[in-house]
Protein chains: 2
Amino acid sequence: MPIHAVILAGGGGRRLWPLSRTLYPKQFLALLGEHSLLQRTVLRIHDMIPAERLWIVTAQEQSFYVQSQLGDIGHSGRIIAEPQGRNTAAAVGLAACHIQQRDPEAVTVVLPADHWIKKPQEFLSLIQDAIALAERGALVTLGIIPDQAETGYGYICRGEPLTNAPSEQSVYAVSRFVEKPNISDARRYVDSGEYYWNAGIFVWRTSVIMDEIAAHLPALSQGLEEIAPALHRADEKDTLKRVYAQLASVSIDHGVLEKSSRLVVMPAAIGWSDLGKWSTIHQFSDQDERGNVLSPSVLDIESENSLVYSSGRTIATIGLKNMIVVDTPDALLVCAQERTSEVGSLVQQLLARGDQTVHTPNMVRRPWGSYTVLEEGPQFKVKRIVVEPGGGLSLQRHRRRSEHWVVISGVATIIRGEEELTLGVDQSTYIPQGTKHRLSNRGTQPLQIIEVQTGAYLGEDDIERLEDVYGRV
Amino acid sequence: MPIHAVILAGGGGRRLWPLSRTLYPKQFLALLGEHSLLQRTVLRIHDMIPAERLWIVTAQEQSFYVQSQLGDIGHSGRIIAEPQGRNTAAAVGLAACHIQQRDPEAVTVVLPADHWIKKPQEFLSLIQDAIALAERGALVTLGIIPDQAETGYGYICRGEPLTNAPSEQSVYAVSRFVEKPNISDARRYVDSGEYYWNAGIFVWRTSVIMDEIAAHLPALSQGLEEIAPALHRADEKDTLKRVYAQLASVSIDHGVLEKSSRLVVMPAAIGWSDLGKWSTIHQFSDQDERGNVLSPSVLDIESENSLVYSSGRTIATIGLKNMIVVDTPDALLVCAQERTSEVGSLVQQLLARGDQTVHTPNMVRRPWGSYTVLEEGPQFKVKRIVVEPGGGLSLQRHRRRSEHWVVISGVATIIRGEEELTLGVDQSTYIPQGTKHRLSNRGTQPLQIIEVQTGAYLGEDDIERLEDVYGRV
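Figured I'd write up the structure that's included with this text. These numbers come from a predicted model, not from an experiment.

With mixed pairing, the 6 strands of this open sheet are ordered in space as S12(A)-S14(A)-S16(A)-S17(A)-S15(B)-S13(B). The open sheet has two edge strands, strand S12 (293–294) of chain A together with strand S13 (298–301) of chain B, and neither has a second partner. Pairing analysis gives 5 bridges linking strand S16 (residues 323–327) of chain A to strand S17 (residues 331–336) of chain A, with the strands arranged antiparallel. By the bridge assignment, Val326 of chain A is partnered in S17 of chain A with Leu333 of chain A. Contacts from helix H11 (residues 343–352) of chain A reach S17 of chain A together with S13 and strand S15 (314–318) of chain B, with the element oriented near 140° to S13 of chain B.

The operation relating the two chain copies consists of a rotation about an axis and a shift along that axis. When chain A is fitted to chain B, the best match, at an RMSD of 0.1 Å, comes from turning it 180° and sliding it 0.0 Å along the axis. Look at the turn and shift together and you get a two-fold axis relating the two. When C-alpha positions in chain A are compared against the rotation axis, the closest is assigned to Leu374 of chain A, at 3.0 Å. Of the residues that chain A buries at the interface, 100% are likewise interface residues in chain B, meaning the two copies contact each other through the same surface.

The subject of this paragraph is the interface of chain A and chain B. Buried accessible area, meaning the area lost when the parts come together, often serves as the stated size of an interface. Across the contact, 53 residues belong to chain A and 53 residues belong to chain B. Both faces combined, the contact of chain A with chain B buries some 4500 Å², and carbon together with sulfur accounts for 59% of it. One can count 6 salt bridges joining chain A with chain B. With a shortest N-O distance of 2.6 Å, Asp327 of chain B and Arg313 of chain A are connected by a salt bridge.

Scanning the entire structure with this criterion turns up 20 aromatic pairs over all chains. Ring centres of Tyr153 of chain A and Trp197 of chain A lie 4.8 Å apart, and the angle between their planes is 70°; on these two criteria the pair is classed as edge-to-face. Here Tyr153 of chain A, found in the loop between strand S6 (139–144) and strand S7 (155–161), pairs with Trp197 of chain A, found in strand S9 (residues 195–205); they are 44 residues apart in sequence, far enough to count as distant. Each member of the pair, Tyr153 of chain A as well as Trp197 of chain A, is classed as buried. Consider the rings of Phe64 of chain B and Tyr65 of chain B, whose centres lie 4.8 Å apart with planes at 80°: the pair is edge-to-face. With respect to class, Phe64 of chain B is no different from Tyr65 of chain B; both count as buried. Here the aromatic residues Tyr24, Phe28, Phe64 and Tyr65 of chain A are joined through ring pairs into a cluster of three or more. The ring of Tyr24 of chain A carries the charged tip of Arg365 of chain A above its face, separated from the ring centre by 3.9 Å. Across from the ring centre of Tyr371 of chain B, 3.8 Å away, lies the NZ or CZ of Lys383 of chain B, which sits over that ring.

Take helix H3 (residues 87–102) of chain B next. Since there are 3.6 residues in each turn of an α-helix, residues three or four apart along the chain are aligned in direction. Taking 1.5 Å as the rise per residue, H3 of chain B with 16 residues should run 22 Å; its terminal C-alpha atoms sit 24 Å apart, in good agreement. Within the span of H3 of chain B, buried status applies to Ala89, Ala90, Ala91, Val92, Gly93, Leu94, Ala95, Ala96, Cys97, His98 and Ile99 of chain B.

On to the environment of Ile408 of chain B. You can see Ile408 of chain B is positioned in strand S22 (residues 401–409). On the accessibility criterion, Ile408 of chain B (4% relative accessible area) is buried. Separated by 16 residues in sequence, Ile408 of chain B and Gly424 of chain B have C-alpha atoms that sit 7.9 Å apart. Apart from residues lying up to four places away in sequence, Ile408 of chain B is in contact with Phe380, Val452 and Thr454 of chain A together with Arg384, Val425, Gln448, Ile449 and Ile450 of chain B.

You can see Ser251 of chain B is positioned in the loop between helix H8 (236–246) and helix H9 (252–255). Those residues in contact with Ser251 of chain B that sit more than four places away from it in its chain are Asn87, Thr88, Ala89 and Val256 of chain B.

Now for the pairing of strand S23 (residues 412–416) of chain A. Residues and elements named next belong to chain A. For S23 and strand S24 (residues 419–423), the ladder comprises 5 bridges, and the chain directions are antiparallel. Directly across from Thr413, in S24, lies its bridge partner Thr422. Two successive antiparallel strands, S23 and S24, enclose a turn made up of 2 residues, where Gly417 displays a positive phi of approximately 65°. Where S23 and strand S26 (residues 437–440) come together, 4 bridges link them in antiparallel fashion. Along S26, the bridge assignment pairs Ile415 with Arg438.

This paragraph deals with the nonpolar core. With 80 residues, the main nonpolar core has Leu31, Phe123 and Trp278 of chain B as its most contacted residues. Excluding residues within four positions of it along the chain, Leu31 of chain B makes contact with Leu16, Leu19, Lys26, Leu37, Leu275, Trp278 and Ile281 of chain B. Of all hydrophobic cores here, the second largest spans 79 residues; its members include Ala5, Leu111 and Ala130 of chain A together with Ile318 of chain B.

Rules and cut-offs
Residue positions within a chain follow its written sequence, with the count starting from 1. Starting at A for chains and at 1 for ligands, labels are handed out in the order in which the entities are written. Since the coordinates come from a predicted model, pLDDT governs what is reported: local features require at least 70, and pairs of side-chain atoms require 80 or more to be given and counted, while whole-chain, interface and lining totals use all residues. Side-chain numbers here rest on the full set of heavy atoms in the structure, without hydrogens or water. In this scheme, strands are said to pair when DSSP sees at least two bridges between them. Secondary structure counts use DSSP, requiring at least four H or I residues in a row for a helix and at least two E residues in a row for a strand, with both numbered from the N terminus. When checking whether two residues touch, look at their non-hydrogen atoms; a contact exists if any pair is within 4.5 Å. A fitted line through C-alpha atoms serves as each axis, taken over the contacting stretch for helices, and the angle formed by two N-to-C directions is quoted from 0 to 180°. Copy-to-copy superposition: least squares on the C-alpha atoms, limited to residues that have pLDDT of at least 70 in both copies. When two components associate, each loses some accessible surface as probed by a 1.4 Å sphere; the sum of these losses over both components is called the buried area. Any carboxyl oxygen of Asp or Glu within 4 Å of a side-chain nitrogen of Lys or Arg constitutes a salt bridge here. Each Phe, Tyr or Trp ring, with Trp reduced to its six-membered ring, pairs with another whose centre is within 6.5 Å; inter-plane angles below 30 degrees give stacked pairs, above 60 give edge-to-face pairs, and intermediate values give tilted ones. Only protein chains enter the accessibility calculation, which uses a 1.4 Å probe; a residue whose area is less than 20% of its type maximum is buried, one above 50% is exposed, and one in between is partly exposed. Comment: the charge-over-ring label is applied if NZ (Lys) or CZ (Arg) is within 6 Å of the ring centre and within 35 degrees of the ring normal. Multiplying 1.5 Å by the helix residue count minus one yields the expected span of that helix. What is meant by a nonpolar core is a set of buried Ala, Val, Leu, Ile, Met, Phe, Trp, Tyr and Cys residues, joined one to another through side-chain atoms within 4.5 Å.

In structure tokens:
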């Protein structure tokens, strides 16, 4: 049977604020080493599963991040863009529709994009065993053997051992799922040896999970039946949008697996973590002899057991003990190590204050490149805009602002009203309010411009897109 | 006898980095409440000593800060600009030259510009007593009654009590000066009741201190004799520069007072502090019920006994204990409370790294207004420039950069080569490399422009000043 992989790369992230943002969540961050968690997830399985059988489910507005991150590591995959997030049952189901059209007999490995696995060889070997079980009809989940009483994870309690396991690897029926427990229950679970962390890693035959969805989530199943024939048709996008708007948000664990008799759990010791809080990042990072993890621009005097992350500004630290400092261009977190699990509720409070740093990173990625807001004030905004070679913004106009552009690197091709201009470094132009315009980079080097906006209203929503190569009109 | 005051406002500050910078030291910072320490020093004595007898000695490049800070509180004074810092003996001597020309019989009160006095009434009453003593020929110093064993201050050990003190206030001869002691000596000093902190507050007759300088620092005395006749002459500036270049850097305490038999000390309980480290700022600030001092943009969860200073960015803190966090646009300090006295040596290390945040604040004040660097990169720099009403930059040109200007508020009057332009909001111009230009604000509102510089070299020293109303040509 052909093996496919589905990487679930949707969903926002708040617990690693201020580095993670709603619009730039954890899976895209290079938290440990040079690759992002998404990139690592791809690299981990690329020997086992080739690009044409690799599916990445993500949010519409994040699909170009996925594309660009895959490109950066010389990989590709099939990106499935959801019109909105509807939890893992819908994401798994949608991917299964795609896979079934190509390989009705496929076995699928489901992988979250935002987890850390320290022992990739052990992981791959377990996945091989799981595939063998899945081929025989089981829904297989990896159960991470816990090494501490963690209250932030869900647990799986094992049942009877399977007698017909395909290898040396022991496999169990599943007795029950437990949501995030309190600390005393968590300790009891760990001590018992019968509980595992639910890592959201699953292996099954596509036809089997479809049957189980039909049995336990009939509304989702019906929705998928509407979607399946529309795939690759002109009305695919509209159909998806219509069906998704009506779907309930439910996880595959809660909606299907908990209710299925086919579920088995395979204990796994693979150095797994969801890197869900800053103290965990600290724990999994390479620490110096004092237990510190310090960015290169940090000057430290005798701190201990602390993580100090800098985006490049000068940071000096003296005598920190068990601290987390995370500095980004527009927001700073300083937190005691033992309280990093409260960052989620902190972000809630920031949201209530209307704090924009929760949603948008200082550097906003776009399909054509990125922009960074350098300063915002009454009736003005200054941005640095980077357009990658071959990239171009939409043909657009703004009703309430005008823009001044100064090229600081590369060559800009500009449509401005009825004119076309070519500007090099140290040249500038002016886009009056209401004038249609487009900025493109036909060169081979990145184009950078400084944009000075003036006007009474400078919101990003003051944009009328007339043409767009990325389909955003 | 007419009473004069000399405020010593020279000198840099490193111990409150990153808020204080070499080019914007402590005396100009509003550390507690709305006024800077310099402004508070002026406000404290303005009822006793009028503007025409108030002298402020400062560094040449900081004299416009002094002027603008005095203006902001509706005050003025006579600013004496030193061509370079030569410690307090030279500063005191130079001020004495000025004062002697106006009032040969003057009594002078010498006040550091960067200290905090919690009890201004008690302070003024002591100064009155000190003036009475000084009129009779004494060199009077206030000795602060210590309330803790502080190793960061110099101490004065008292000698025999004076029997002819002019009021109820007890006064002592001075037995010796002690430099910053170690902690056990400091404890012993405080317990003895015979030691005071040296606050650098002195009262004397100008003629008496001049005699003492002549006796103990003959080289300085000779220099002052060269300077005195040149004051208010065309060659004043050149003479000052020439003489200062040859002066030794010595404090008035060490160079004169320690050696003088006329010195007396007047114990003072005036809530004094030099606010010389961050933990002292915390101690003297209004704290909330948990002992915290938090800027308005800080969102805190259950921190204790901590100071968190924000320049406006989003800062979130969780569970801090006895911490100092000071965030500025270009540098961040995170420090354990008990180690803030190490900031000075930290700054040494930053200097050794070539870190620019030691010298220059992110917002640089100029006689005509200020500028803020928004971003700097290879071959470009973006600034926001504010020109105050009536202000104007020098007529200048740059050899290695060109500049693009976009007006974002106010009205700009611009000389550009042979043209004169008037630009309003949303208008722009371009100053090519080598073109002479001037930017002025003839309006009544502040003028703000965004400047985009491009060029191979963007240092501030690439400036040729052709004309300048502030005498900087």
